[in-house]
Every structure is written in structure tokens, then in C-alpha cells.
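Overview (structure and organization)
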Amino acid sequence: SCVLACYAQYPAKYLDLYPLSKVTPPEEPRMTIDLPLVSYEPWTDLRKREDVIAQNPAWPYGPLPYDFGQRIRQNYYAATTYMDAMLGEVLHELKKSGLSKRTIVAFIGDHGWALGEHAEWAKYNNFEVGTNVPLIVHVPNVTDTEGKAHMRNQLVELVDLFATLADLAKLPAPPLCPEKSADVRLCTEGTSFAKLLSPGTGATRKWKSAAFSQYPRPSDWPQFDSDLPSLVNITVMGYTMRTAEARFTEWVSFNHTTLTPGWNRTYGRELYLHKNGSHSGEDINLEFSSEYTDLIKILYSELRKGWRAALPPDDNSH
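Heads up: these notes are all about the structure in this document. Worth saying up front: this structure is predicted, and the values here are computed from it rather than measured. (Residues numbered from 1 in each chain as written. Predicted model: local features only at pLDDT ≥ 70, side-chain atom pairs only at ≥ 80, totals over all residues. Heavy atoms only, no water.)

**With respect to the side chain of Thr188**
Looking at the element boundaries, Thr188 is found in the loop between α6 (160-168) and β5 (211-217). The buried category is assigned to Thr188, whose relative accessible area is 7%. A distance of 2.9 Å separates the side chain of Thr188 from the backbone nitrogen of Gly190, its partner in a polar contact. (Helix = DSSP H or I, 4+ residues; strand = E, 2+ residues; numbered from the N terminus. Buried < 20%, exposed > 50% of the residue type's maximum accessible area, 1.4 Å probe, protein only. Polar contact = N/O pair within 3.5 Å; in protein donor to acceptor, adjacent residues only side chain to side chain.)

**Overview of the layout of surface pockets**
The space that makes up the second largest pocket amounts to roughly 270 Å³. Glu27, Glu28, Glu117, His118, Glu128, Val129, Asn132, His279, Ser280 and Glu282 are the residues that line the second largest pocket. Taken together, the residues of the lining of the second largest pocket break down into one nonpolar, four polar and five charged. (1 Å grid on protein atoms, 1.4 Å probe; cavity = no way out; pocket = protein on both sides within 12 Å on 5 of 7 lines; lining within 4 Å. Points joined across faces, edges and corners; volume = space filled by probe spheres on them. Nonpolar A, V, L, I, M, F, W, Y, C, P; charged D, E, K, R; others polar.)

**A few points about the sheet that holds strand β8 (residues 260-273)**
Strand order in the open sheet formed by four strands is β5-β6-β7-β8, and the pairing between neighbours is antiparallel. Two strands lie at the open edges of the sheet, namely β5 and β8, each paired on one side alone. Mean inter-strand twist for the sheet, computed between neighbouring axes without regard to direction, equals 20 degrees. The strands touched by helix α7 (residues 293-305) within the sheet are β5, β6 (236-242), β7 (246-255) and β8, with β8 carrying the most contacts at an inclination of about 130 degrees. (Pairing = 2+ DSSP bridges. Axes fitted to C-alpha atoms, helices over the stretch in contact; angles between N-to-C directions. Contact = heavy atoms within 4.5 Å.)

**What about the pairing of β6?**
Of all the seven residues making up β6, seven are buried; the element is thus mostly covered by neighbouring parts of the structure. Alternating positions in β6 separate into two faces, Val236, Gly238, Thr240 and Arg242 on one and Met237, Tyr239 and Met241 on the other, with burial throughout. Taken together, the seven bridges between β5 and β6 define a ladder with antiparallel strand orientation. Across the sheet, the residue bridging to Ser213 is Thr240, located in β6. As paired strands, β6 and β7 are joined by seven bridges and run antiparallel to one another. Within β7, the position partnered with Val236 by the bridge is Ser253.

**Re the state of the cysteines**
This model, assessed by the stated rule, comprises one disulfide. With its sulfur 2.0 Å from that of its partner, Cys177 forms a disulfide with Cys187. Across the S-S bond of Cys177 and Cys187 the torsion is about 90 degrees, and the bridge reads as right-handed. Of this pair, Cys177 sits in the loop between α6 and β5 while Cys187 sits in the loop between α6 and β5, and the two are 10 residues apart along the sequence. (Disulfide = S-S within 2.5 Å.)

See the structure below:
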């Protein structure tokens, strides 16, 4: 993907919207304190670019020169704004045609993106910047009843989108996946969050207690294929769980043949607190703090139980 000096990818006027002097630096730019090395991804995809090679960043931790990193952020903002403008044109035509009154629109990102936070770049990690995505849903006569958008703080996941759109369109959704689903042709691990969109009770409804993500590694040490290891080279899997106030990650051995984790062999553990809905707070790994020993035990147990144990209390299907 093109992230720097990509003038052919978007009109120059969008770059003009973000003078370099006004571009804010990453909030947490240094490598996380007490970070297990298996967690770090040395942005190998970025290192393949000629302009990055010219910076001669040290392997595996860099860093990139500050000014160069700021230019990456500047171009990323410009490219994103261009995309936003193009989406605006699509929505304008939808409204102009009269179809907006009977069209559900879901806007999502398929992954997050690090722009220098934690000395990371790109998406191949389990940090908040890598796993948190935008999610905006418009449902005619539901989300627009008060003439303004409704914010929701409950935890939802991308796997929920299929079930949600089917629910809103009054179409059948696949059944919830059974415990062993390898031989099941079609099922879902998602839960419809249509109830959360209600302008009345949606904001206060009890929902999932956690959201789950995972990312593979070929080793417990940064490698040139740490970003995209082939299946046969995956030896470690990072399982991460986001609750309302914390992110907990466990890096364990992984059997690429049986596709199963080995919880008895741990390569690293991470704990970060996200109080009051904050997305920052991952600059220090709190795993080694005795203050959080009991919390770690609780979160580890919840992580092992998995997504089924985190489903909404009033919804055990989807």
C-alpha cells in the first residue's frame, strides 16, 4: 500500500489540507515499556519501499527519522480525507436518487493502522491502534429519528456485521457456530447489534463483556516475516481481548497443523488499562505490576473461555 509521497494516489489539494507544521506527532511514539519482543512487528512491509530504504532504519526497531515519520502521517491523513470525499459523493448520489430512505449504510475499516505509535507502523499487531476500527451504521427511520448521530460505547466486533445487517434487513442469518465448527459449511461467530442502534434503550443495553482479536508470529523474536508468516511458519499466536477498561494479550505456542493454541507455553503477556473509554494507555505493559496480579488472573480466565462467554446476557444466538 502507498503511504508516503503518493501524489498519484490522490489530488494534491488534499495534502494541502494538512500542513506539515500542523500534523500532530504520535501520542505514544516510543516502544512500549516491558513489551514482550514477540509482540513487536518490525514493519517489514514498509522497509521494502525505496524511500524507507533510503532512511536506513536499524533492524528491527528503527526508528524512522522524526520528519520522515511526520510526512507519513501527513500523507495518510490526506489519502484518508480523499477517500472520505469520494464516499461523500456516493452518499450524495444515494440521497439524490431517493434510495437513501430505504438503504442501510455501514461504514467500517477492516483493521487499524499504526502511524508511529509504540514505534510501530502498519497493521500487523495486537495494539489498540491495530485492532480498533471505525464503525458507522445508518438505518433509515432508526438512527436518524432525532436528526443527529447516536454514539454507542458498547463493545462490538466486525464478525457482528453480517448478523446485524441480516437482522436489520429482516433476512435469515447463519446460525451461531458450534464449539467444533471446522466441518460446518456456514455459521457465524457474530451477534447482531441491531438492538444497540435504538435511540431509546440502545445506549444503556448490556452487551458483550469483551471483544477478541488474534495475530500470528513465526517466532518469539522479530523476523522478516513477522508481519505475514505463512501457515507452516506460524509457531506463536497472540490472543488479545479488549474489555471496557483493559486490553489483555497472551502470546502462546501454536500448532499450525491442528490450528490449536498451546496455553501451557507462553512467550509473552500484556496488560493495558483503558479507563473512561480511552484508546491510549498502551505505553507501559502492566503485566509485571503486583498491583494488577488479581486482575490478570481474571482476564486470563476470560480470555481462555473465549468469545462465547462474552456474549450479551440476553442473546445466546446472534
